[in-house]
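# Structural overview
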Amino acid sequence: MKLNKEQLLLFAVFTAGIIFGIILIPFFNIEVDSKVNLSDILSMLLTAVIGIYLSITIGGRQSSSRFEKEFLISEVKRITEYIDAANLFKNTVNIPAEDAAKGFKELNIRIFNFESILSDADYCQGLEATELRNAFKNLRVSILHLTSRKGLITPTSTERTDIVNKYSLFRKEVFKIITEINRYS
Amino acid sequence: MKVKVCDFSKTPNARYRDDGDYSGEEFYEIFLKNGFQQSVKNNEKLIVDLDGTEGYATSFLDEAFGRLAEEFGPLYVLDNLQIISNEEPDWLDEITTYILERNEIK
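Residues numbered from 1 in each chain as written. Chains lettered and ligands numbered in written order. Predicted model: local features only at pLDDT ≥ 70, side-chain atom pairs only at ≥ 80, totals over all residues.

On a plain count of helices and strands, chain B comes out with 5 helices and 3 strands. In chain B, the succession of helices and strands from N to C terminus is β-α-α-β-α-α-β-α. Scaling as 2.2 N^0.38, a compact globule of 106 residues should have a C-alpha radius of gyration of about 13 Å, and chain B matches this with 12 Å. Overall, chain B is about 30 × 25 × 25 Å in size when its C-alpha atoms are taken along their principal axes. Taken over 106 residues, chain B has a buried fraction of 37%. Taking as baseline every contact in chain B between residues at least 6 positions apart, the subset at least 24 positions apart corresponds to 73%. (Helix = DSSP H or I, 4+ residues; strand = E, 2+ residues; numbered from the N terminus. Rg over C-alpha atoms; globule rule 2.2 N^0.38 Å. Buried ≥ 20, exposed ≤ 12 C-beta atoms within 10 Å, placed from the backbone. Contact = placed C-beta atoms within 7 Å.)

Written out as structure tokens, the structure is:
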């Protein structure tokens, strides 16, 4: 039978407890009173009930919150995955105009999906993607407002620098929003 | 009256005719201007549907709607124009900006 990580940890803690107990026995002379006070029993039961209640509610909340955060982060990653896969901004010397317009449309739709999911979030309430959207718009304008000739956008060196800067700012906003999602508990 | 950009082209291009086929300038001169005049004549708003294309260059939209604003006046255009963009709703605000940035050329 193969033990998983949690079972191994439980076994290790249990074994350590026994060893620790055996080591400590000679140092203590423990006396156990056979009489038990009713108020002590009630107090013990109450503590146990509160403990169980808290572990269930807090544990449940934490797992729902973790699920929501992981889902939101996966949606943000869909945005960056698309940029990486489409290789949209790697070559800023000659950008095919049609591909750029198509790419930005897909990117826009993915950001809208993310914004829509974010607005319905239960645990990440108040988190907004305004800066991400602004960075996207700035990047889009820096490319799609340029003149194209024969289907190619050929930015000047100044415009290329601007595109690279806007792209870096966009990536930074993606990173920032992932960090902000992770801050929510 | 309704004008669908995808009836003009699935792949709208850049700003001017010199930039290639299906430019914003061409769309304005062939579709948008006539459609707008016709709608105003019929006392109705012109509906422009942006959905169904492969995507837009901002220069295409700026030229088409900016020229409309220059010809008829920004506020008059906004009063008589309805834009549909379910796929990319942010174009509505962008186009409003393009229209308001232009001055009417008398």
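Okay, the overall build of chain A next. Counting its secondary structure elements, chain A contains 5 helices and 3 strands. Element order for chain A, N to C, with α for helix and β for strand: α-α-β-α-α-β-β-α. Taking 2.2 N^0.38 as the reference for a compact globule, 185 residues should give roughly 16 Å; the C-alpha atoms of chain A span a radius of gyration of 29 Å, well beyond that estimate. Counting only C-alpha atoms and orienting by the principal axes, one finds that chain A spans roughly 95 × 35 × 30 Å. Burial status across chain A gives 20% buried among its 185 residues. For chain A, contacts bridging at least 24 residues in sequence account for 81% of all contacts bridging at least 6.

With that out of the way, let us pick up the sheet that holds strand E3 (residues 81–84) of chain B. Residues and elements named next belong to chain B. An order of E1-E2-E3 is seen for the 3 strands of this open sheet, with the pairing classed as parallel. Each end of this open sheet is capped by a strand with a single partner; those strands are strand E1 (2–4) and E3. Mean inter-strand twist for the sheet, computed between neighbouring axes without regard to direction, equals 20°. Pairing of E1 with strand E2 (residues 46–49) involves 3 bridges; the strand directions are parallel. In the sheet register, lysine 2 faces E2, and the bridge partner there is isoleucine 47. (Pairing = 2+ DSSP bridges. Axes fitted to C-alpha atoms, helices over the stretch in contact; angles between N-to-C directions.)

What follows covers the environment of B:Leu50. Residue and element names in this part refer to chain B. By the element assignment, leucine 50 lies in the loop between E2 and helix H3 (58–72). Linking leucine 50 and alanine 14, residues 36 residues apart in sequence, is a C-alpha distance of 15 Å. When sequence neighbours within four positions are dropped, the list of residues in contact with leucine 50 reads Val5, Ile83, Ile84, Ser85 and Trp91.

Often, the extent of an interface is quoted as the loss of accessible area upon association of its parts. With 17 residues of chain A at the interface, the matching set in chain B holds 15 residues. Put simply, the parts of the chain that give the side of chain A that touches chain B at least two residues each are helix H3 (97–119), helix H4 (130–144) and strand E2 (148–149) of chain A. Among the elements that make up the side of chain A that touches chain B, the one with the highest residue count is H3(A) (8 residues). Taken together, the residues of the side of chain A that touches chain B break down into 6 nonpolar, 5 polar and 6 charged. (Nonpolar A, V, L, I, M, F, W, Y, C, P; charged D, E, K, R; others polar.)

Here we come to the sheet that holds E2(A). As summarised here, the arrangement of the 3 strands in space is E1-E3-E2 (chain A), forming an open sheet in which the pairing is antiparallel. Every other strand in the sheet has two partners, leaving strand E1 (95–96) and E2 of chain A as the edge strands with one partner each.

What follows deals with the packing of H4(A) against helix H5 (residues 157–183) of chain A. Residue and element names in this part refer to chain A. Interhelical geometry of H4 versus H5 gives an angle of 160° and a closest axis separation of 9 Å. Classified by the angle their axes make, H4 and H5 are roughly antiparallel. The two elements H4 and H5 cross, and the hand of that crossing is left-handed. Here H4 contributes Glu131, Leu132, Ala135, Phe136, Asn138, Leu139, Ser142 and Ile143 to the contact with H5, which in turn contributes Asp162, Ile163, Lys166, Tyr167, Leu169, Phe170, Glu173, Val174 and Ile177. When the residues that make up the contact of H4 with H5 are grouped by side-chain class, the tally is 11 nonpolar, 2 polar and 4 charged. (Parallel < 35°, antiparallel > 145°, perpendicular 65-115°, else oblique. Left-handed = near helix turned anticlockwise from the far one by under 90°.)

Consecutive side chains along a regular strand alternate between the two faces of the sheet. Residue and element names in this part refer to chain B. The alternating pattern of E2 places Leu46 and Val48 on a buried face and Ile47 and Asp49 on a face that is not buried. The pairing of E2 with E3 spans 4 bridges and is classified as parallel. Its bridge partner being in E3, isoleucine 47 is matched across the sheet by glutamine 82.

Turning our eyes to something else, we now look at the confidence of the model for chain B. Across chain B, the average pLDDT comes to 94, with 99% of residues at 70 or higher. Prediction confidence for the complex, expressed as pTM and ipTM, is 0.76 and 0.86 respectively. (pLDDT = per-residue confidence, 0-100.)

With that settled, the discussion passes to the confidence of the model for chain A. Scored by pLDDT, chain A has a mean of 86; 94% of the residues are at 70 or more. Of all helices and strands in chain A, the one with the weakest mean pLDDT is E2(A) (78), whereas H4(A) scores best (93).

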